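One-letter residues, chain by chain:
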Amino acid sequence: MPIATVNPATGETLRTFQPLDADAVEERLARAHRAFQEYRTTGFDERAELLRRAADLLERDRDEIARTITIEMGKPLGAARAEAAKCAKAMRWYADHAEELLADERPSAADIKDSGASTAYVRYRPLGPVLAVMPWNFPLWQVVRFAAPALMAGNVGLLKHASNVPQTALYLEELMRRAGYREGCFQTLLVGSRAVDAILRDPRIAAATLTGSEGAGRSVAAVAGDEIKKTVLELGGSDPFVVMPSADVARAAQTAVTARTQNNGQSCIAAKRFIVHTDVYDAFTEAFVAAMARLRVGDPLDEATDIGPLATEQGRADLEELVDDARERGATVLCGGGRPRAEELAAGWYYEPTVLAGVTPGMRIHREEAFGPVAALYRAADLDEALRIANDSPFGLSSNVWTEDEAERERFVAELAAGGVYVNGMTASHPAMPFGGVKRSGYGRELAGHGIREFCNATTVWISA
Ligand code: NAP
């Protein structure tokens, strides 16, 4: 994939970039290694001050960087602004909380005595330069949620961003430099995915985090496994959204629209499979389909637009294949199902908000991730069937359930195979709550204390009695 800004709303290539050659990569690896030797010795106060400064600058730059994001990957401008604001909040959260999250941990006095120590504790120390391989769908947020905790823990970062968001990637490096981070603490590597193998194998890289597709995760995990290096993988999702009879169906249907179509439907934690109890199926479907059909598809720079184009032409082709496959195997298209007809949208990679009913296990969309505004509807006879459909997926990122019944809620919390269970609301990440999945959605966690400790050496210190 060439490293370039190609506007998905027009298909126009606006800027191209030469990938870094081997010497330039070597220079940056050496810089990261040098920077780590010094940065690891800094205290939490200094790190927090740098990160707060980055947050202030990001907020100041919000309108400008939002425009760049929208032009590079097509999300509506308002959503790009909101993403920048969310990043500033997460940076401040880690600046405020890292010291307490990484404070020394002491076993109980009885256990210390039993171990034969006068004292013992766990100290969280940084690992070193962390390589982050990141996707384009939240081109600031995905990076910040790795970088803020990694930097607060005393690590340094190297970002290999998706090839279609190079300007956002370069902005992030520049932001950290302006915030005052010393040279080498946070660098962007403009390289293609084929360069990742050698970089990850370099002994100066201590660990890696990847957010992206299953295929990319598999290949990074294989190399990291070969090199015995720690990884965190945040991969795809096909989150269930279960609606039970006791739910507020109108609110569930309204939330379902946002949960499916946020970020033009290209979110790992978007609800993708809507599993509705038969008693409320018709009411939910009517409200959901009507609201999906009302969404405005158009230029993402226009503030009135709900749904912009998909980020890449290939992404749209993949989505079209999934819908065509479902249709051929008997699914009913309740709305959408193709490209919008408006002439002014013909050059961009748009796709209509789509609802498919009658989805069955033989259809690809049942098992694969629909990365765009396409919802798959299922009718469930009871809670057991709802759970069975929800868990019948290779993915296990998050899940949404709508019920006012406490016993039902407990069953879902106990039995949904996912990294999150959101009740009567949609999945959304928050810096204080761990984020990540099970099954093919990956492993490890980002955010909260779990996220900052992923790239730390939990060191046991034992002092003889
Ligand atoms: P992608 O194609 O996997 O790309 C993600 C990143 O991985 C890019 O930087 C890409 O570089 C790189 N990459 C691709 N193949 C690679 C390989 N074989 N070895 C090393 N690096 C490789 O994914 P995408 O299409 O950009 O993003 C969409 C996917 O990300 C969806 O599946 C979505 O669910 C997932 N996602 C997950 C989360 C989560 O937190 N779980 C969040 C957001 C997105 P190039 O751009 O140079 O190819």
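Criteria and cut-off values
Residues numbered from 1 in each chain as written. Predicted model: local features only at pLDDT ≥ 70, side-chain atom pairs only at ≥ 80, totals over all residues. Heavy atoms only, no water. Domains from an automatic or database assignment. Buried area = accessible area lost by both parts, 1.4 Å probe. Salt bridge = Lys/Arg side-chain N within 4 Å of Asp/Glu carboxyl O. Near = heavy atom within 4 Å. Polar contact = N/O pair within 3.5 Å; in protein donor to acceptor, adjacent residues only side chain to side chain. Helix = DSSP H or I, 4+ residues; strand = E, 2+ residues; numbered from the N terminus. Axes fitted to C-alpha atoms, helices over the stretch in contact; angles between N-to-C directions. Parallel < 35°, antiparallel > 145°, perpendicular 65-115°, else oblique. Left-handed = near helix turned anticlockwise from the far one by under 90°. Contact = heavy atoms within 4.5 Å. Core = buried A, V, L, I, M, F, W, Y, C linked by side-chain atoms within 4.5 Å. Buried < 20%, exposed > 50% of the residue type's maximum accessible area, 1.4 Å probe, protein only. Expected span 1.5 Å × (residues − 1).

Draft legend 1. Region of interest: the domain arrangement of the protein chain. For the protein chain, the assigned domains read domain 1 (4–235 + 441–464) and domain 2 (239–431). Taking both sides of the interface into account, the surface hidden between domain 1 and domain 2 amounts to around 2400 Å²; carbon and sulfur atoms contribute 58%. Contact with domain 2 buries surface across domain 1, with P8, P76 and S441 losing the most and accounting together for 21% of the total. Taken together, the links from domain 1 to domain 2 amount to one salt bridge.

Draft legend 2. Inspection of the site of the ligand at higher detail. Taken together, 29 residues are adjacent to the ligand, and R145, S163, S213, L235 and E369 come closest. With respect to the ligand, the backbone of G212 contributes an N or O atom lying 3.3 Å from an oxygen atom. Mapped onto the shell around the ligand, the elements with two or more residues apiece are helix 6 (141–152) and helix 9 (214–227). Sort the elements by how many residues they give to the shell around the ligand and helix 9 lands first, with three residues.

Draft legend 3. The arrangement of the packing of helix 2 (residues 44–60) against helix 7 (residues 166–179) in detail. Two elements in contact, helix 2 and helix 7, have axes separated by 8 Å at closest approach and are oriented at 125°. Taken together, helix 2 and helix 7 sit at an angle that is classed as oblique. As helix 2 packs across helix 7, the resulting crossing turns out to be right-handed. Taking contact as the criterion, the partners of L50, R53, A54, L57 and L58 in helix 2 are, on helix 7, Y171, L175, M176, R178 and A179.

Draft legend 4. Expanded view of the nonpolar core. Counting residues in each nonpolar core, the largest one holds 87 residues, and the members touching the most others are L58, M91, Y94, L131, L140, F146 and Y181. No fewer than three residues from each of domain 1 (4–235 + 441–464) and domain 2 (239–431) sit in this core. Apart from residues lying up to four places away in sequence, Y181 is in contact with Y39, R47, L50, L51, L151 and M176.

Draft legend 5. Structural view of helix 10 (residues 249–261). Along its 13 residues, helix 10 runs 18 Å from first to last C-alpha, staying within 8% of the 18 Å computed at 1.5 Å per residue. For helix 10, the complete set of buried residues consists of V249, A252, A253, T255, A256, V257, A259, R260 and T261. Where the residues of helix 10 are buried, they touch strand 9 (239–243), strand 10 (271–277), helix 11 (278–294), strand 13 (374–380) and strand 15 (400–402). Phi turns positive one or two residues past the end of helix 10, at N263, with a value near 60°.

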